[in-house]
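# Overview (structure and organization)
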Amino acid sequence: MEGPGSHSLCSFPFSFRQPWALVGVLGGDQLSAAEDKREYHGNGTTGLAVAQRDFLTYDGTRFTVTAFSGWIKGVPHNGFKVEVSKGIILHLVDEVTSWLPGDRIVVASTDYSMHQAEEFNLLPCPECKSNQVKIEGSPLYLHIGEVIDGIDMRAEVGLLTRNILIQGEMEDSCYGQNQCQFFSFDTFGGHIKILRNFSSVHMSGVELKNMGQQILGSYPVHFHLAEDVDERGGYEHPTYLDNLAIHHCFSRCVAIHGTHGLLVKDTIGYDTLGHCFFLEDGTEQRNVFHHNLGLLTRPGTILPSDRNEAMCLAIRSHVYGNYVPVPSTDCMAVSTFWIANPNNDLIENAAAGAQDVGIWYIFHRVPTGQSEGQYPEGQAEHTPLGVFYNNRVHSNFKAGLFIGKGVKTTRASAEDPREYLTVDNARFRPHQDADPEKPRVPAVIDGLIAFKNNDHGAWARGGDIIFRNSGFSDNGIGLTLASDGTFPTDEGSSLEVTRSIFVGESSNFGSQGGQNSYWGKGANGEYRTLPRNKTFPIRGFQIYDGPVRMAKCTFKKFTPTVDRYSSAIGFFMKNSWQISPQNNVSQILMEKSVGLKVFFGISGQWFGNNDNDGDKMSIFHDLDGSVTGYPDTFIGRADNYLLRHPGCLTVPSWNGVMCTGKFAQLYIQARRPENLTLSIARAAYHSHPLRLQGVNRGAPYQQYQPVVMLEQAYIIQWDGRAPEDIILYPINFNRGDWLHVALCYPRETVFQVVADIYQRRTGTVHSVKHYLAAPSLTSTLNSTGKRLFYFDRASGYLFVHLQAHEARKGHSYCSQQGCERIKIMAHMYPGDSWSCDPNPFPQRPATAQRPVSQCPAGPCRACGAPQLAITSTPSVKYIRIQIQSLSRTDIQNNLTSAFIKINDTVFLFNSRGIFFMVLDACSGAVVSRRHFDTVTGENAASAITDYVQTFIKERSLVLVCSRDIADVAGSSEMSVFTRLGSAKPIVFYKEGSFAMLGYKGQAKPSWIKVLNHAGYQKAASLQHYVPLKLKEYKCPANADESLKFAFSQNHSEHISAEPTAPQD
């Protein structure tokens, strides 16, 4: 048990099978160890040897480590136990002096599984401040309490105890007709129903437990057809629910049915069945959800959208005939906030864990239930969005935020056997006054924080929709924006994300358990929880169809591993839909931690054959070169020769190609037959055709939507005889843009070719003009005024010149006059050959557009999100601190510089010793720097003490870094660090490393951190986002101007070369 130069681990001599236990400290002396042993007498049973020792962390937490060993009936029993000795103190954002010992709280999960939410009782805590509480016991899981990588991941904490308790009387287990095949516990609780024409309803400070039933209409709190309950309904004091705790309930939390103008505020919905905060019929408007918390939202049985897979398959009493529901599309949509009409306000809410979705905006095409007939068809989908501001969504299995889809508004029938209110398709297209003839009104999602959602942080379909000031971290996919249909079903809406931050794998590593399914190595080599699957390809921003725009966004920590791809920008997988070349990005900041900026997928797991139409056509436009390095560049898939020219650059790691040029879409409709595969090639690359399956299998017509380079010649063939009717639409063409198109037909075909303009909304056609047969190919291709076609019977090709003659505006696919098109009606004879040569156009080499490589983009000082951090307290400014110390071992391994990094400014330290940097806590400005030489400096400990006590002012952030600490004279215990927030004196380890983020002042902020590592440990390293000008700092009144100036200075250095501080 002893070796040369080692510390003694055992002070007791012991014999065979003798139980022995020890708790010690590596590097400590014998006095720091606790040790115990028991005698072994041969009967197979001994007492337990128990060694126990108390410890105090630098942040003030006291804990006990116990080791035990013994024999029971010949079986050894041994192990270790770590327990918090006197409770854990939680630092909260809000003042909680009304929370009392004995009250019960819930702490939300900050990982992928909602089941990591934990309940605790509060303990007496005379030492607690007004924003602190002490909990009994120890958490099983990690709960984050800070801003990580620029995203606010602080766990929500909810008080479950209230002065007034209303609870249902429960049996020990499920009974009767209460869906006992799905629930082992009694689900028949109490309920409160509020009907219209009441005098006054104001509920505040009420705890509701064991309420609700798995029966339609029986909920903990249910406003039933109460109509207007605010001033509009004649209530001088508008109706509200305030400060309720609804927990361990059996059907929803708050159900709002046919009721408008209700305020729901500061209310908790925890551990409930079915949609929690619930709007029922699609008519409910002007309700306000403010600062509510919903978590652990479990499936229920009442509606198809409440049900999980087993419930969906088993409950079939309301389907037609023998129809078997499809769980993934008909059901499995249970949500914490189920918002059935967009005209409601969501402000500062948290959806902290649902079986499916956190916040779901769902659309009723017509009002349902008892509200049938209250608005015309389609009104909800066209209604502008209410206020959406500063909401949080995390720990949800499907998505944090979902905008799109609807419910089935017809009863089950032979025509559609699905159950009434099954999840169905719908798209959100907000217009002024809900009138599609009036201008669009963009729906603004402002200040969304979405993290640790297994599938999506957010998904939105429709338009116009704008996400801004939002943060996405550790989601399977951060954000997908899907268009309002596609041509020809809409006039061209847009979606946008701006001023936002995307993080792939943050420093929130998570913890195993609580139904977290996947645990594996992250990009940095450390183990962490993972979304969806160990191999799932993580994407920050996913492009689906478009047009979508992304501007002023920052990406961090997207790096592939041996198990999975991880890219900042990716594409919808197995995509059979169109993709618009109008998709564009600008002012994007890719931090150095991004290992893969763009990825187009590759054949294999998750991507399938990567051969669907949308997969092949994936494209976006880098307007300023902030992603590619080259401005005005289009990025497409590497094997798409419709886009290529000799000036393009291939990027193998992206499976992509960067090209300059002008691009648009050729929309092709085909009838009779509708099931052909189209082959399209650019004449210059005719040996590299693209084969498109089309997207409307089984529909009256087929549609194909290739992206094309303008002012080029294209060849179209089919895998069978050509369709009898073909319509060519120039999509996203500006006036004067053109293509030459050759289509393969049987040699004896007779044509009628017509040009017209189609108005989609009215279905009318105008400006009809007939094409004339041209005498030669040259006259057709060169015709700019006449409308001519040429059919070459020798080759079997029909040639047309396709040109846009009308002006297009904004994001519309077509001109203001309507959609220009060419209709080709072909009369073909049976048995006529339809085989054509690959290229009927005159042989010309591909002409290079402007080469990509000649115009590299310069540094972009304005790129990236303007905010350093996206938080739930947007008025609070932060600075980003990174401290990297070095031990003797690090230096021997050729690491040279310790450093402190403040935002984007780096201060390097190349001398041995300890370094201090002092910042003003109100402005963030650096006010002092000092180096203490621990090698040659005399009495460095005394000098440090004098500096901290005398020279560092109150209200200071103190950053401490070390490089190759030697013996610090007079430093047996340095109690001066307790003035900076350490709970105990510091004893430096020789050849170790030390890092501290401290504060000098009357307050002791929760962000104080201390790392004191021995030489054999990894070097001390801290990264933290520190809030400035907190109330507890007691900053002077003029701090606002100082803060504004400091931040303008920091931002000006956003991506400039990192300046090095002079040594001092």
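Note that the structure is a prediction, hence the values are computed from the model and not measured. One numbering rule holds for all chains: residues counted from 1, following each sequence as written. In view of the model being predicted, local features appear only for residues whose pLDDT reaches at least 70, and side-chain atom pairs are presented and counted only at 80 or more, with totals across whole chains, interfaces and linings using the full set of residues. To get the side-chain values, take all heavy atoms of the structure and skip hydrogens and water.

A word on the pattern of salt bridges. Pairing between side chains of opposite charge can happen when the charged atoms of each approach one another. Just to be clear on terms, a salt bridge is a Lys or Arg side-chain nitrogen sitting within 4 Å of an Asp or Glu carboxyl oxygen. Summed over the entire model, instances satisfying the criterion amount to 42 salt bridges. A salt bridge links Lys616 to Asp611; the nearest nitrogen and oxygen atoms lie 3.4 Å apart. Classification of residues uses two cut-offs on accessible area relative to the type maximum, computed with a 1.4 Å probe and protein chains only: under 20% is buried, over 50% is exposed, and between them is partly exposed. Asp611 gets classed as partly exposed once you look at its relative accessible area, which sits at 42%. One salt bridge in this structure joins Arg880 and Asp904, with 3.0 Å as the shortest N-O distance. One end of the pair, Arg880, is in strand β66 (residues 878–884); the other, Asp904, is in the loop between β67 (898–902) and β68 (905–909), with 24 residues separating them in the sequence. Per the convention used, a helix needs a DSSP run of H or I reaching at least four residues, while a strand needs a run of E reaching at least two, with both numbered from the N terminus.

Moving on, we get to the side chain of Asn210. If you trace the backbone, Asn210 turns up in the loop between β16 (206–209) and β17 (221–228). For Asn210, a relative accessible area of 15% puts it in the buried group. Ignoring any residue separated from it by four or fewer positions in sequence, one finds Asn210 in contact with Gln167, Gly168, Met170, Gly189, Gly190, His247, His248, Cys249 and Phe250. Here, residues are in contact when the closest pair of their heavy atoms is within 4.5 Å.

Attention now moves to the confidence of the model for the protein. The predicted coordinates should not be examined in detail at positions where pLDDT is low. Mean pLDDT over the protein stands at 91; residues scoring 70 or higher make up 93%. Within the model, the stretch residues 1–11 combines pLDDT values under 50 with twelve contacts to residues more than four positions away or in other chains. This stretch, residues 1045–1064, has a pLDDT under 50; its non-local contacts, to residues over four places away or in other chains, come to 40 contacts. Per residue, pLDDT captures the predictor's confidence, and it can take any value from 0 to 100.

Let us now look at helix α7 (residues 940–951). Given a rise of 1.5 Å per residue, twelve residues ought to cover 16 Å, and the 15 Å separating the end C-alpha atoms of α7 matches this to within 8%. Among the residues of α7, those classed as buried are Ala940, Ala941, Ile944, Tyr947 and Val948. When α7 is viewed along its axis, its buried side chains cluster within an angular range of 125° and face the same direction. Where α7 is buried, its residues meet β69 (913–920), β70 (926–932) and β72 (993–1000). By this rule the span expected of a helix is its residue count minus one, scaled by 1.5 Å. The arc in question is traced by the directions running from the helix axis to the C-beta atoms.

At least two bridges found by DSSP between two strands are what make those strands a pair. Relative to strand β4 (residues 62–72), strand β3 (residues 49–56) runs antiparallel, the two being bridged by eight bridges. The residue bridging Leu56 from the neighbouring strand is Arg62, located in β4. Between the antiparallel neighbours β3 and β4 lie five residues, among them Gly60 with a positive phi of about 100°.

Working definition: rings of Phe, Tyr and Trp (its six-membered ring) pair if their centres are within 6.5 Å, and the pair is stacked with planes under 30 degrees apart, edge-to-face with planes over 60 apart, and tilted otherwise. One pass over the structure, following the stated rule, counts 47 aromatic pairs. Ring centres of Tyr565 and Phe607 lie 6.3 Å apart, and the angle between their planes is 75°; on these two criteria the pair is classed as edge-to-face. Separated by 42 residues along the polypeptide, Tyr565 in the loop between β44 (548–556) and β45 (566–571) and Phe607 in the loop between β47 (589–590) and α4 (613–616) bring together distant segments of the chain. For Tyr565, a relative accessible area of 34% corresponds to the partly exposed category. Here Phe751 and Phe791 contribute two aromatic rings whose centre-to-centre distance is 4.8 Å and whose plane-to-plane angle is 65°, an arrangement assigned as edge-to-face. Highlighted residues: Phe751 in strand β60 (residues 750–759) and Phe791 in strand β63 (residues 788–792), separated in sequence by 40 residues. For the pair formed by Phe751 and Phe791, the shared burial category is buried. Ring pairs connect the aromatic residues Phe916, Phe932, Tyr947, Phe951, Phe977, Phe988 and Phe994, which therefore count as one cluster. The rule for a charge over a ring is simple: NZ of Lys or CZ of Arg within 6 Å of the ring centre, and within 35 degrees of the ring normal. If you follow Arg252 out to its NZ or CZ, it ends over the ring of Phe278, 3.9 Å from the centre.

On the basis of which strands lie adjacent, the open sheet formed by three strands has the order β3-β4-β5 and antiparallel pairing. The two strands at the open ends of the sheet, each matched to only one other strand, are β3 and β5 (75–84). For this sheet, the mean inter-axis angle between neighbouring strands, taken without regard to orientation, is 10°. Pairing of β4 with β5, which is carried by ten bridges, proceeds in the antiparallel orientation. The partner of Thr64 across the bridge, within β5, is Glu83. To get an axis, fit a line to the C-alpha atoms, keeping to the stretch in contact for a helix; angles then go from 0 to 180 degrees between the N-to-C directions.

In this description, a disulfide is simply a cysteine sulfur pair whose atoms lie within 2.5 Å. Applying the stated criterion across every chain, the model contains nine disulfides. One disulfide bridge connects Cys253 with Cys276, the sulfur atoms lying 2.0 Å from each other. What sets the handedness of the Cys253 and Cys276 disulfide is the S-S torsion sign, and at about -105° it is left-handed. In this pair, Cys253 sits in the loop between β19 (245–247) and β20 (254–260) while Cys276 sits in the loop between β22 (268–273) and β23 (277–279), placing the two residues 23 residues apart along the sequence. By the burial criterion, Cys253 is buried, and Cys276 matches it. The disulfide partner of Cys312 is Cys331, and the gap between their sulfur atoms is 2.1 Å. Its torsion about the S-S bond being 65°, the disulfide of Cys312 and Cys331 is classed as right-handed. One end of the pair, Cys312, is in helix α1 (residues 309–314); the other, Cys331, is in the loop between α2 (327–330) and β26 (335–339), with 19 residues separating them in the sequence. Between Cys553, a free cysteine, and Cys863, which holds the nearest cysteine sulfur, the sulfur-to-sulfur gap is 11 Å. Since its relative accessible area comes to 0%, Cys553 is described here as buried.

The next point concerns a nonpolar patch on the surface. A cluster of nonpolar side chains, Tyr175, Phe188 and Ile215, forms an exposed patch at the surface whose accessible area comes to about 250 Å². One can find Ile215 in the loop between β16 and β17. Like-charged residues are merged into a patch within 9 Å and nonpolar side chains (Val, Leu, Ile, Met, Phe, Trp, Tyr) within 5 Å, provided each residue has over 30% relative accessible area and no salt bridge. Accessible surface area values rest on a Shrake-Rupley calculation with a 1.4 Å probe, where residue burial reflects the displayed protein chains alone.

A separate point is the sheet that holds strand β73 (residues 1009–1013). Whether parallel or antiparallel, the strands of a sheet pair through hydrogen bonds between backbone atoms. Across the sheet, which stays open at both edges, the five strands sit in the order β70-β69-β71-β72-β73 with antiparallel pairing between neighbours. The sheet terminates laterally at β70 and β73, the two strands that pair on one side only. Within this sheet the neighbouring strands show an average axis-to-axis angle of 15°, counted without direction. Here eight bridges tie β69 to strand β71 (residues 956–963), and the two strands are oriented antiparallel to one another. Considered in β71, the bridge of Phe915 is made with Cys961. Across the sheet, α7 touches β69, β70 and β72, and the angle it forms with β70 is around 170°.

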